[in-house]
Amino acid sequence: MKTVTYERNGRTNTGAQAVRVERLRHLRVLEQGETVVERELTEEEIERLGPLVEEAERQPAPAVVEPVAGGPRGMAVSLAFEDEETPRVRLEAHAGQRARGDGTPYDELLEELDELLTEELHLRAPRHAHAVLPHELRVEE
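The paragraphs below set out a description of the structure included in this document.

Rules and cut-offs
- Numbering of residues starts from 1 in each chain and follows the order in which that chain's sequence is written.
- Per-residue local features of the predicted model are confined to residues with pLDDT of at least 70, and side-chain atom pairs are confined, for both listing and counting, to 80 or more; whole-chain, interface and lining totals are unaffected and use all residues.
- To get the side-chain values, take all heavy atoms of the structure and skip hydrogens and water.
- In this description a helix means any DSSP run of H or I spanning at least four residues, a strand means any run of E spanning at least two, and both kinds are numbered starting from the N terminus.
- Partly exposed residues are those whose accessible area sits between 20% and 50% of the maximum for their type, while under 20% is buried and over 50% is exposed, using a 1.4 Å probe and protein chains only.
- The criterion used for residue contact is that any of the two residues' heavy atoms lie within 4.5 Å.
- Only rings of Phe, Tyr and Trp enter the pairing, Trp through its six-membered ring, and a pair is recorded when the two centres are within 6.5 Å. The plane angle decides the type: under 30 degrees is stacked, over 60 is edge-to-face, the rest tilted.
- In this scheme, Lys NZ or Arg CZ marks a charge over a ring once it lies within 6 Å of the ring centre and within 35 degrees of the ring normal.
- One less than the residue count of a helix, multiplied by 1.5 Å, gives the span that helix is expected to have.
- To obtain the bend at a residue, axes are fitted to the seven residues ending there and to the seven starting there, and the angle between these axes is taken.
- Only C-alpha atoms enter the line fits that serve as axes; for helices the fit covers just the stretch in contact. Angles between N-to-C directions range over 0 to 180 degrees.
- In what follows, roughly perpendicular refers to angles from 65 to 115 degrees, roughly parallel to angles under 35, roughly antiparallel to angles over 145, and oblique to any angle outside these ranges.
- Handedness of a crossing is defined here by the sense of rotation of the near helix relative to the far one, left-handed for an anticlockwise turn of less than a right angle and right-handed for a clockwise turn.
- Each residue gets one of three labels, nonpolar for Ala, Val, Leu, Ile, Met, Phe, Trp, Tyr, Cys and Pro, charged for Asp, Glu, Lys and Arg, and polar for the others, Gly among them.
- Residues grouped as a nonpolar core are buried Ala, Val, Leu, Ile, Met, Phe, Trp, Tyr and Cys residues, joined through side-chain atoms within 4.5 Å.
- In protein, a polar contact means a hydrogen-donor-capable atom and an acceptor-capable atom, both N or O and within 3.5 Å, with residues adjacent in sequence counting only if both atoms are side-chain atoms; elsewhere, any N or O pair within 3.5 Å suffices.

### Some thoughts on the overall build of the protein chain
Consideration 1: When you go through the protein chain residue by residue, the secondary structure sums to three helices and six strands.
Consideration 2: Start at the N end of the protein chain and walk to the C end: the helices and strands fall as β-β-β-β-α-β-β-α-α.
Consideration 3: Out of the 141 residues in the protein chain, the part that is buried amounts to 38%.
Consideration 4: Pairs at least 24 apart in sequence give 48% of the contacts found in the protein chain among residues at least 6 apart.

### Notes on the packing of aromatic side chains
Consideration 1: Scanning the entire structure with this criterion turns up zero aromatic pairs.
Consideration 2: A cation over a ring is seen here: lysine 2 above phenylalanine 81, with NZ or CZ 5.6 Å from the ring centre.

### Focus on helix α1 (residues 43-58)
Consideration 1: Taking 1.5 Å per residue as the helical rise, α1 with its 16 residues ought to reach 22 Å, and the 23 Å between its terminal C-alpha atoms agrees with that figure.
Consideration 2: Where α1 bends most, the angle comes to about 35°, and this point is leucine 49, followed within four residues by the proline proline 51.
Consideration 3: What α1 keeps buried is the set Glu45, Leu49, Gly50, Leu52, Val53 and Ala56.

### Digging into the packing of α1 against helix α2 (residues 107-124)
Consideration 1: It is at 9 Å that the axes of α1 and α2 come closest, and there the two elements cross at 140°. Of the possible angle classes, the one that applies to α1 and α2 is oblique. Between α1 and α2 the crossing geometry is left-handed. Two secondary-structure elements touch here, α1 through Glu45, Arg48, Leu49, Leu52, Val53 and Ala56 and α2 through Glu108, Leu109, Glu112, Leu113 and Leu116.
Consideration 2: The class makeup of the residues in the contact of α1 with α2 is seven nonpolar, no polar and four charged.

### Focus: the environment of leucine 121
Consideration 1: Mapped onto the fold, leucine 121 is located in helix α2.
Consideration 2: Residues leucine 121 and glutamate 31, spaced 90 residues apart in sequence, show a C-alpha to C-alpha distance of 9.1 Å.

### Considering the nonpolar core
Consideration 1: Core analysis: the largest hydrophobic core is formed by 27 residues, its most contacted members being Tyr6, Val19, Val21, Leu79, Leu109 and Leu113.
Consideration 2: The set of elements that each furnish at least two residues to this core consists of β1 (4-10), β2 (17-22), β3 (26-31), α1, β5 (74-81), β6 (89-94) and α2.
Consideration 3: Per-element accounting of this core gives the leading share, six residues, to α2.
Consideration 4: In this view, leucine 113 contacts Tyr6, Val19, Val21, Leu49 and Leu79; residues no more than four positions away in its chain are not counted.

### Describing the side chain of glutamate 84
Consideration 1: You can see glutamate 84 is positioned in the loop between β5 and β6.
Consideration 2: Only 3.4 Å separates the side chain of glutamate 84 from the side chain of lysine 2, close enough to count as a polar contact.
Consideration 3: A polar contact is formed between the side chain of glutamate 84 and the side chain of arginine 88, at a distance of 2.7 Å.
Consideration 4: Leaving out residues up to four positions away in the same chain, glutamate 84 has contacts with Lys2 and Ala61.

Laid out in structure tokens, this is it:
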């Protein structure tokens, strides 16, 4: 079982966010390249992800993947395996929507990894709506 990395970035995010599933045992969540969460996968996560990762591994690796950047309302999403030169999937997803290809066998895996990444980031720092007052923006000298 290989290590698979799902990454999303674009103007809708504060920076690149990624989830790395290592050998279907270990989970690592990264923000801008820095590890922010690290833990073992649960049995339920292994049962959900195992068949999807195995199916993705059996697919032939693409020779060339067209680079796609997130537009003003979108994000660039990629799915890559550790020992391959290019990502298996690289596509654009609009903010608030799941990353999906054109019915590729990777769609369900993309959806699961996106959901896992979102859950982990939300657990780490829940997004609360609040007003920021001008004096809170100043840096104290």
